[in-house]
Amino acid sequence: MIREILNESYAGILQGQVGTALTLLHAGLDEARRRMSDHEWRSLVEPACLSHPVAALIHQDPFTATAFAAADAGSADQRALDCIYYGAMCCTGGADRPSLGRRIFGYTTNTAIARALRCQRSYVASVIDSVAEQVSCPRVLAIKPGLLREAGLSYALTNCDLAELVAFDNDQPTLDRIASEYGRSSVCTVHGSPLAVARGDQDLADYGLRHFDLAYSSNLFNQLSTEAGQRLALSMWQALRPG
């Protein structure tokens with residue numbers, strides 16, 4: 001079954017039916033993944049996919065190539081997210097990819113999850129701007145914000161209408177990059193453990209994080225259990241100004 005899906009997708013891409021072929025490939029592999037154990041998937045399907053010629057075609061897509069390199073290195077590469085947010089120029093070799101790779105890129109960066117990520121970024125920026133319209137010089141707390149890509153869409157931040165936007169994360173290289181890109185604005189960083197707060201081992205107040213007008217986390221809650229999410233939400237609520 002897997003071989004048939006790979007063969008059919010490969011033929012479809014070669015015939016120029018990129019969207020149809022990739023939709024077939026995604027649906028077929030997703031169904032197989034749901035029916036197999038982790039061991040079966042890793043020992044049977046992954047080698048079959050990587051050794052099939054369709055893999056070489058798909059890796060002409062700069063987003064896939066960038067994401068695959070990150071996964072192979074065991075890291076969550078922010079460059080892969082930047083491909084979704086900003087286009088192929090942010091991807092590995094994005095400017096030099098062949099036309100087929102660019103067509104595949106158009107598909108992979110316009111899937112439902114890719115569109116949702118861009119929508120989320122725009123929504124968070126709009127919430128920041130809305131708070132800035134209601135509160136003079138508000139203080140904003142962003143918990144585990146990745147590279148804070150919503151900042152680039154926020155009029156309030158660009159226009160220096162915020163008193164402070166604090167990025168709180170345990171990843172120091174990410175915080176350093178945020179400071180490098182946004183440090184001239186009202187953005188500052190605090191190194192600490194959001195997961196420790198979610199576990200109840202610490203509180204945001206332990207890091208001096210209090211008296212904010214807005215606290216949010218775009219990326220963390222979907223990684224937490226219900227109980228941990230509730231603890232983090234409570235701590236965020238307690239970090240807000242009264243009223």
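As the structure is a computational prediction, the values presented were derived from the model and not from experiment. (Residues numbered from 1 in each chain as written. Predicted model: local features only at pLDDT ≥ 70, side-chain atom pairs only at ≥ 80, totals over all residues. Heavy atoms only, no water.)

Turning our attention to the environment of A55. In this fold, A55 is placed in helix 4 (residues 53–58). Sequence separation of A55 and W41 is 14 residues, and the distance between their C-alpha atoms is 16 Å. Beyond its immediate sequence surroundings of up to four residues, A55 is in contact with C49 and L50. (Helix = DSSP H or I, 4+ residues; strand = E, 2+ residues; numbered from the N terminus. Contact = heavy atoms within 4.5 Å.)

A few words now on the sheet that holds strand 1 (residues 139–143). Spatially, the 4 strands line up as an open sheet ordered 3-2-1-4, and their pairing is parallel. The open sheet terminates on both sides in strands that have one partner only, identified here as strand 3 (187–191) and strand 4 (214–216). Within the sheet, the average angular offset between the axes of one strand and its neighbour, ignoring direction, is 20°. Of the pairings in the sheet, the one linking strand 1 to strand 4 comprises 3 bridges and is parallel in character. The residue of strand 4 that forms the bridge with V140 is L214. Of the strands in this sheet, strand 2 (164–169) and strand 4 touch helix 8 (residues 112–134), which is tilted by about 165° from strand 4. (Pairing = 2+ DSSP bridges. Axes fitted to C-alpha atoms, helices over the stretch in contact; angles between N-to-C directions.)

Turning to the nonpolar core, a few remarks are in order. Of all hydrophobic cores here, the largest spans 19 residues; its most connected members are I128, L148, L162, L165, V187 and Y216. Breaking this core down by element, the ones donating at least two residues are helix 8, strand 1, helix 9 (155–158), strand 2, helix 10 (172–182) and strand 4. Residue contributions to this core peak at 4 residues, all from helix 8. Ignoring anything within four residues of it in the chain, the contact list for I128 reads E150, S154, L162, L165, L214 and Y216. (Core = buried A, V, L, I, M, F, W, Y, C linked by side-chain atoms within 4.5 Å. Buried < 20%, exposed > 50% of the residue type's maximum accessible area, 1.4 Å probe, protein only.)

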